[in-house]
2 protein chains.
Amino acid sequence: MSALGTAVDILRCFSEARPELSFAEIMAATGLPKSSTSRMLRALREARLLEQDEVTRRFRPGLLTFELGRLYRAHDDLIGRAETALKEVCARTGHTGYIAVLDGCDQMVLRMVPGSNPLRVVSPAGQRGSAIATSNGRAMLARLSDTEILARLPVPFPVLPRNSPHSPAELLGRVAEIRRTGQSASDNEAIEGVASQGFALCNRETGEMIGVAVSYSSQATPPEERAHVARELEAMARAVGSVIGDAVWGQSREAAR
Amino acid sequence: MSALGTAVDILRCFSEARPELSFAEIMAATGLPKSSTSRMLRALREARLLEQDEVTRRFRPGLLTFELGRLYRAHDDLIGRAETALKEVCARTGHTGYIAVLDGCDQMVLRMVPGSNPLRVVSPAGQRGSAIATSNGRAMLARLSDTEILARLPVPFPVLPRNSPHSPAELLGRVAEIRRTGQSASDNEAIEGVASQGFALCNRETGEMIGVAVSYSSQATPPEERAHVARELEAMARAVGSVIGDAVWGQSREAAR
DNA sequence: CCAGTCTGTTCCAAAATAAGGAACCATGTT
DNA sequence: AACATGGTTCCTTATTTTGGAACAGACTGG
């Protein structure tokens, strides 16, 4: 275990759910001995990767993370194009859109595009969740081989919401269906009461991949509205996919098969 | 030099001006030998602190920085209060507002509040610059002792725009004036053609400090407009300052002296 | 084809750092 | 005083990190 690895183990303890942690919490979460924890926290603080509240003594991400995080794909061409197109989709449908990337078998929301619908799904940028339980997450997984997918799965298979896949085999079945149509849907999964449709985009040149989704209330969205969303997403996928050379969307569906 | 220190040296090479860097550029910027550079970049990539474009081979901040950066003071009470108040100031004055923190003798913009004025100053969140050359930067420095300020200055004193302080003595003189009034101004400094007014806020309990500023076109903003901005900022400083127990703004000016 | 350049990677022994347990410290509570 | 919590420092051992050298791959020009 390298010093950098230890540092990153600590950094990974912080999340939306736990943006601040105490000495003891970090020690428990990492399993590091007291002295190692103390030294490493001091080093991280001095490096500005963490900072410490003077009163509560709790640690939180530091200024350097803010600075670097701001730079993360700030001028990414694929994300820029997708975001522009998604804004139009969300303007027309009224629903909330998301752009995410895959990390292991998690997905991380990079961009959120608000819709105008009064019933609002809010899952802010920076939100991490299982890719297995979301439409765009599964769409991204569908771009990998079955072997690659299986290699990413944690053991044991994670406990997921009731409508999500509950085994590797079930996941692969879902993924096969997504590969056939290019589109992916979820209903009452990652967030109860919320449904979504999504697809993946992959830049042929760079291998960069993102997942795009539009979320809406499961109960309040009738089938014809869902069909509308599906058409909008397909049109968007084709428009952006043709520019970036996406293997699925960059040409006609017939030729892709 | 620790491994973490080396890693951070590399991370600090990235900036708004240089969001992506090649192997050779990182090597040159850090002075690290080739083999050290190669190993450390690999470790940073595996840790998701950096990622690498597959085509250009250039490195850039990775997903973990995005994730942690999102958490940075996301729910900070002082910043939240200041941002709410600043939004009202900017709505009333039409100009752009900023909230920044001090890092060494630099300042880092954390929040930008757009104004409605058609002539727009844009200095996005994540922007780093010398605190010596900005109104709110100097206001934050004014909250430190002269000794503390001098300890933060790089040697030699940095080359700064023409209206900025050009020596430690000149800076201390400016700072003394800010300490007297609580307010700080700049004109044609960090950005040519741009003027700003600012002040600092310091949470008595936690020691947390931020600098607030409103920027506007130097040429297009007459004195009565500037006076209006000054009054707005003073009112904001008092309102927020009294809540957080700021030493300067948390009570009347007479009692503070 | 060969040589040179650029972008890296790997090897290896020495140097440096990091590690963990134990002792210690400071503060607060019973 | 004893105990609990949040740490810090010491010290010896183990592990990691280091940098120069050798190597590798891709590309360009003669």
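Each value, and the rule that gives it
Residues numbered from 1 in each chain as written. Chains lettered and ligands numbered in written order. Predicted model: local features only at pLDDT ≥ 70, side-chain atom pairs only at ≥ 80, totals over all residues. Heavy atoms only, no water. Helix = DSSP H or I, 4+ residues; strand = E, 2+ residues; numbered from the N terminus. Rg over C-alpha atoms; globule rule 2.2 N^0.38 Å. Buried < 20%, exposed > 50% of the residue type's maximum accessible area, 1.4 Å probe, protein only. Contact = heavy atoms within 4.5 Å. Areas by Shrake-Rupley, 256 points an atom, 1.4 Å probe, with all protein chains shown as cover. Lys, Arg positive; Asp, Glu negative; His and termini not counted. Charge placed at Lys NZ, Arg CZ, Asp CG, Glu CD. Near = heavy atom within 4 Å. Polar contact = N/O pair within 3.5 Å; in protein donor to acceptor, adjacent residues only side chain to side chain. Nonpolar A, V, L, I, M, F, W, Y, C, P; charged D, E, K, R; others polar. Least-squares fit on C-alpha atoms with pLDDT ≥ 70 in both. Phe/Tyr/Trp six-rings, centres within 6.5 Å; stacked < 30°, edge-to-face > 60°. Buried area = accessible area lost by both parts, 1.4 Å probe. Salt bridge = Lys/Arg side-chain N within 4 Å of Asp/Glu carboxyl O. Core = buried A, V, L, I, M, F, W, Y, C linked by side-chain atoms within 4.5 Å. Axes fitted to C-alpha atoms, helices over the stretch in contact; angles between N-to-C directions. Left-handed = near helix turned anticlockwise from the far one by under 90°. Disulfide = S-S within 2.5 Å. Pairing = 2+ DSSP bridges. Parallel < 35°, antiparallel > 145°, perpendicular 65-115°, else oblique.

**Focus: the overall build of chain A**
From N to C terminus, chain A includes ten helices and eight strands. For 257 residues, the compact-globule estimate of 2.2 N^0.38 gives 18 Å, and chain A sits close to it at 20 Å. Over its C-alpha atoms, taken along the principal directions, chain A stretches across nearly 60 × 40 × 40 Å. Expressed as a percentage of its 257 residues, the buried residues of chain A come to 53%. Here the analysis covers contacts within chain A between residues at least 6 apart in sequence; of these, 57% occur between residues at least 24 apart. Accessible surface for chain A amounts to roughly 11500 Å². Of this, 53% is attributable to carbon and sulfur atoms. The positive charge centre, built from 31 side chains, and the negative charge centre, built from 30, are 2 Å apart in chain A.

**Focus on the protein's contact with DNA strand C**
In the vicinity of DNA strand C, 18 residues are found, and the nearest of them are A:Ser36, B:Met1, B:Phe23, B:Ser35 and B:Ser38. One of the side-chain nitrogen or oxygen atoms of A:Thr6 is found 3.2 Å away from a phosphate oxygen of DNA strand C. Between DNA strand C and the protein, one listed contact pairs a base oxygen with a side-chain N or O atom of A:Arg39 at 3.1 Å. At the level of elements, helix H1 (3-11) and helix H3 (34-46) of chain A together with helix H2 (23-30) and helix H3 (34-46) of chain B are the ones that each hand at least two residues to the surface near DNA strand C. Broken down by element, the residue count for the surface near DNA strand C peaks at five residues, all from H3(B). Split into classes, the residues belonging to the surface near DNA strand C amount to six nonpolar, seven polar and five charged.

**Considerations on the relation of the copies chain A and chain B**
In the superposition of chain A on chain B (RMSD 0.1 Å, axial shift 0.0 Å), the rotation amounts to 180 degrees. What we have between these two chains is a two-fold relation. Closest approach to the rotation axis within chain A is made by the C-alpha atom of A:Gly69, at a distance of 2.3 Å. The residues that chain A uses at the interface reappear at the interface of chain B in 100% of cases, marking a shared surface.

**Focus on the packing of aromatic side chains**
Applying the stated criterion across every chain yields a total of four aromatic pairs over all chains. Considering the side-chain rings of A:Tyr72 and B:Phe66, the 5.3 Å spacing of their centres and the 40 degrees angle between planes classify their relative orientation as tilted. Of this pair, A:Tyr72 sits in the loop between helix H4 (63-71) and helix H5 (77-93) while B:Phe66 sits in helix H4 (residues 63-71), placing the two residues on different chains. When sorted by exposure, A:Tyr72 lands in the same class as B:Phe66, which is buried. Relative to A:Trp249, the ring of A:Phe199 lies with its centre 5.9 Å away and its plane at 75 degrees, an arrangement referred to as edge-to-face.

**A look at the interface of chain A and chain B**
A common way to state how big an interface is: give the accessible area lost once the parts meet. Contacts between the two partners involve 44 residues from chain A and, on the opposite side, 44 residues from chain B. Interface area, chain A with chain B, both sides summed: about 4000 Å², of which 68% is carbon and sulfur. Our count for the chain A to chain B interface comes out at six salt bridges. The partner of B:Glu67 in a salt bridge is A:Arg128, and the shortest N-O contact between them spans 2.7 Å.

**A word on the nonpolar core**
Membership of the largest hydrophobic core comes to 40 residues, with the highest contact counts inside it found for A:Ile10, A:Phe14, A:Leu44, B:Ile10, B:Phe14 and B:Leu44. At the level of elements, H1, H3 and H4 of chain A together with helix H1 (3-11), H3 and H4 of chain B are the ones that each hand at least two residues to this core. Excluding residues that lie within four positions of it along the chain, B:Leu44 makes contacts with A:Leu4, B:Ala7, B:Ile10, B:Leu11, B:Leu49 and B:Leu50.

**A few points about the packing of helix H2 (residues 23-30) of chain A against H3(A)**
Residue and element names in this part refer to chain A. At their nearest, the axes of H2 and H3 sit 10 Å apart, and the two run at 115 degrees to each other. Crossing of H2 over H3 shows right-handed handedness. Residue-level inspection shows Phe-23, Ile-26 and Met-27 of H2 in contact with H3, the latter providing Lys-34, Thr-37, Ser-38 and Leu-41. For the contact of H2 with H3, the class distribution of residues is four nonpolar, two polar and one charged.

**Observations concerning the state of the cysteines**
Scanning all chains against the criterion turns up zero disulfides over all chains. Sulfur of A:Cys202: no disulfide; nearest cysteine sulfur belongs to A:Cys105 and is 18 Å away.

**Let's talk about the pairing of strand E7 (residues 194-202) of chain B**
All names here are of chain B. Of all nine residues making up E7, nine are buried, and the element is well covered by its neighbours. Neither face of E7 is open: one carries Val-194, Ser-196, Gly-198, Ala-200 and Cys-202, the other Ala-195, Gln-197, Phe-199 and Leu-201, and all of them are buried. Counting the residues in the hairpin turn of strand E6 (residues 184-187) and E7 gives six residues, including Asn-188, whose phi is positive at 55 degrees.

**Quick look at the environment of B:Pro165**
Residue and element names in this part refer to chain B. Structurally, Pro-165 can be placed in the loop between helix H7 (146-152) and helix H8 (168-181). Considering only alpha carbons, one finds Pro-165 and Ala-29, 136 residues apart in sequence, at a separation of 28 Å. Discounting chain neighbours no more than four positions away, the residues touching Pro-165 are Ile-132, Arg-138, Phe-157, Leu-160, Glu-170, Leu-171, Arg-174 and Glu-189.

**Concerning the sheet that holds E7(B)**
All names here are of chain B. Here we have six strands laid out as an open sheet, ordered E5-E4-E3-E8-E7-E6, and antiparallel in their pairing. Looking at which strands have only one partner, the edges of the open sheet turn out to be strand E5 (128-130) and E6. Neighbouring strand axes in the sheet, compared pairwise and without regard to direction, differ in orientation by 30 degrees on average. On top of the sheet, helix H9 (residues 223-244) reaches E6, E7 and strand E8 (209-217); it is set at about 15 degrees to E7, its chief contact.

**Here's the deal with the packing of helix H5 (residues 77-93) of chain B against H9(B)**
All names here are of chain B. It is the contact of H5 with H9, at a shortest axis distance of 10 Å, that shows an interaxial angle of 155 degrees. Judged by the angle between their axes, H5 and H9 are roughly antiparallel. The way H5 lies across H9 gives a crossing that is right-handed. Of the residues in H9, those in contact with Leu-78, Arg-81, Ala-82, Ala-85, Leu-86, Val-89, Arg-92 and Thr-93 of H5 are Glu-225, His-228, Val-229, Glu-232, Leu-233, Met-236, Val-240, Val-243 and Ile-244.

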